[in-house]
Each structure stands twice: as C-alpha cells, then as structure tokens.
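# Fold and geometry: a report
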Amino acid sequence: MNDTYQTISNYLYQHNVTLVAVSKTKPAQTILELYNTGQKDFGENRVQELKEKYEILPKDIRWHLIGHLQKNKVKYIAPWIYLIHSVDSTELLMEINKQAEKSNRIIPCLLQIYIAKEETKFGLDETELFKLLDDNTNENLGNIRIDGLMGMATNTENEETVRNEFRYLKSLFDITKSKYFPNADHFKHLSMGMSSDYKIGMEEGSTMVRIGSLLFGERN
Ligand SMILES: *Cc1c(COP(=O)(O)O)cnc(C)c1O
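So, here is what we can say about the structure in this document. Just so we're clear, the structure is a prediction, and the values are computed from it rather than from any experiment.

### Quick word on the pattern of salt bridges
For the structure on display, the rule yields 12 salt bridges. Lys53 is paired through a salt bridge with Glu44; the nearest N and O atoms lie 2.9 Å apart. The two residues Lys53 and Glu44 agree in class, both being buried. For Arg167, the salt bridge goes to Glu204, with nearest N and O atoms at 3.0 Å.

Below, the structure written as structure tokens:
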C-alpha cells in the first residue's frame, strides 16, 4: 500500500491536486497506518461510519463527507466535518447552516452536480444549480461557505464519455465562479476523479480527487 500511496501522492502534489483517501469500509487501523505516513485528508460516504471513526482516530484528520447526506444526519458531523462534497439541495444547505451555527463554525461545502448517465447517482443538474445559487444570494446563510463543485462520471471503460462529462463539469465550475463568486478566493475546488478516472479528471481541471480502491485495495 505504501508504495502506491507514495507514487500517487507525489504525483498529485506535483500537480497541486489534493488527495482525499477514501477509507469507507476500511478499519480504523488501516486509516491510522496511512495517517502515520503523512496523509491527513480522508473521505467517507456514510455518516454513522464516519462518526465512529472520527471518535477513535486522531483529531487533526480532515474528514470529507463524500456520499449522499440526509438532513436529519447533519447534526452528527457538523461540529467537526472539514468539507461536505455532496450538497444537492437548498433544504440541505439550510440545515447545514443551522447546525453549523449551533457549533459556532462555518462549514465548507461543495455542490454535487449530476453529470453521469446513471440513475443511481445524486446531484443537481445545471438548471437546479443556478436556481439554488440564485435563491441563496440574499438568504442568511452565514454559516456555510460554498467552495466549489463535485461530480462523479459514468462508470464506464469509455474514456471519451468520462472526459466529456468532466469537461462539462469544469465548464459549469467556470461559469459558476465568474457569475456568483468572481472575487471569492474560497470558490476553488473541483472534486472530480476516483481510482479509475482521476488522471482524466486532472487533465480536465480537477483540484481534488477521491481515491479509495487504488490505495486500499478492492472493497467487498
Ligand atoms: C467510493 C467513492 C469514491 C472512491 O472510489 P474508488 O473507485 O474506490 O476510488 C469516490 N467518490 C465517491 C463519492 C465514492 O462514494
């Protein structure tokens, strides 16, 4: 695991891309081993599992929630979550804001965009994205900060399909930045790419990749 990790993390570092090590289903001990080699960003897709790991692992780990988030679970992660990649509705954004306020902090969020041709994936389409941003410009959401966009490409061997989906997401990112966040340095993250397609993601402008099986081996 360490050789692969070093190779990937050096490569990403050279390209200024953040590595989120996706540790879902893996035991705390495995996370700790990677943490001890210097990895600080870890991603999980389930709140319950994330919370259990948070409680027993070092407190300077930067935890990323990458999976679908239900409103009633926001309260469990609000005091310490580092970045939520999967915001896909105004209602969820408002709940995150409310819980962040209770914890007296500002929670960084990414808006998840639906780019794949797969029913099982979540996210906003282009129209919903702009509607959400239009609706929220005047609202009092002082305890969240929108730091960028996230998307998952279709799970396919066809590189052109993946590349076109990523390219489309990058174009939405650029439009969103110039229209809604022209002077906001914090709007800078494009979370795009996993084990099978992170190189394509990087070629198309990703700033953050979420890699699991390539680092930890296949999940059951
Ligand atoms: C599981 C997961 C990943 C990582 O997938 P790998 O193929 O193991 O790299 C990335 N993003 C999300 C949202 C995931 O749920």
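### Remarks on the site of the ligand
The environment of the ligand is made up of Val22, Lys24, Ile66, Met152, Met194, Ser195, Arg210, Ile211, Gly212, Ser213 and Arg219. In the model, an oxygen atom of the ligand is placed 2.5 Å from a nitrogen or oxygen of the Ser195 side chain. Between an oxygen atom of the ligand and a side-chain N or O atom of Arg219, the distance comes to 2.8 Å. Here the ligand, which alone exposes 390 Å², has 91% of that area covered by the protein.

### A closer look at the pairing of strand β3 (residues 62-65)
Note: strand β2 (residues 41-44) against β3, 4 bridges, orientation parallel. Across the sheet, residue Glu44 finds its bridge partner in β3, namely Leu65. Of the strand pairs in this sheet, β3 and strand β4 (residues 83-87) are connected by 2 bridges, and their pairing is parallel. Bridging across to β4, Leu65 finds its partner in Ile84.

### Quick look at the environment of Thr4
With respect to the helices and strands, the residue Thr4 is situated in helix α1 (residues 2-14). Its relative accessible area of 34% is what places Thr4 among the partly exposed residues. Taking the C-alpha atoms as reference points, Thr4 and Leu214, 210 residues apart in sequence, are found 7.8 Å from one another.

### What about the environment of Lys75?
Within the element layout of this structure, Lys75 appears in helix α4 (residues 74-77). With 17 residues separating them along the chain, Lys75 and Leu92 place their C-alpha atoms 11 Å apart. Here Asn72 takes part through its backbone oxygen, which lies 2.9 Å from a polar atom of the side chain of Lys75.

### Let's talk about the pairing of β2
The two faces of β2 match: Asp41 and Gly43 on one face and Phe42 and Glu44 on the other face are all buried. Note: strand β1 (residues 18-22) against β2, 2 bridges, orientation parallel. Bridge assignment links Ala21 to a residue of β2, and that residue is Phe42. Note on the crossover from β1 through helix α2 (residues 28-36) to β2: the handedness is right-handed. Chirality of the crossover, the property in question, places the unit of β2, helix α3 (residues 47-56) and β3 among those that are right-handed.

### Remarks on the nonpolar core
With 63 residues, the main nonpolar core has Trp63, Ile96 and Leu149 as its most contacted residues. Broken down by element, the residue count for this core peaks at 6 residues, all from helix α7 (residues 159-180). Ignoring sequence-local partners within four residues, the contact set of Leu149 consists of Leu110, Leu111, Ile113, Leu129, Leu169, Leu172, Phe173, Thr176, Phe187, His189, Leu190 and Ser191. With 5 residues, the next largest nonpolar core counts Val20, Leu83, Leu110 and Met150 among its residues.

### Considerations on the environment of Ile175
Relative to the helices and strands, Ile175 resides in helix α7. Ile175 gets classed as partly exposed once you look at its relative accessible area, which sits at 39%. For the pair Ile175 and Arg210, spaced 35 residues apart in sequence, the C-alpha to C-alpha distance is 23 Å.

Cut-offs applied
Residues numbered from 1 in each chain as written. Predicted model: local features only at pLDDT ≥ 70, side-chain atom pairs only at ≥ 80, totals over all residues. Heavy atoms only, no water. Salt bridge = Lys/Arg side-chain N within 4 Å of Asp/Glu carboxyl O. Buried < 20%, exposed > 50% of the residue type's maximum accessible area, 1.4 Å probe, protein only. Near = heavy atom within 4 Å. Polar contact = N/O pair within 3.5 Å; in protein donor to acceptor, adjacent residues only side chain to side chain. Areas by Shrake-Rupley, 256 points an atom, 1.4 Å probe, with all protein chains shown as cover. Pairing = 2+ DSSP bridges. Helix = DSSP H or I, 4+ residues; strand = E, 2+ residues; numbered from the N terminus. Right-handed = clockwise from strand over helix to strand, strands pointing away. Core = buried A, V, L, I, M, F, W, Y, C linked by side-chain atoms within 4.5 Å. Contact = heavy atoms within 4.5 Å.

Note that every value here comes from positions in space, so none of it alone points to a role or purpose.
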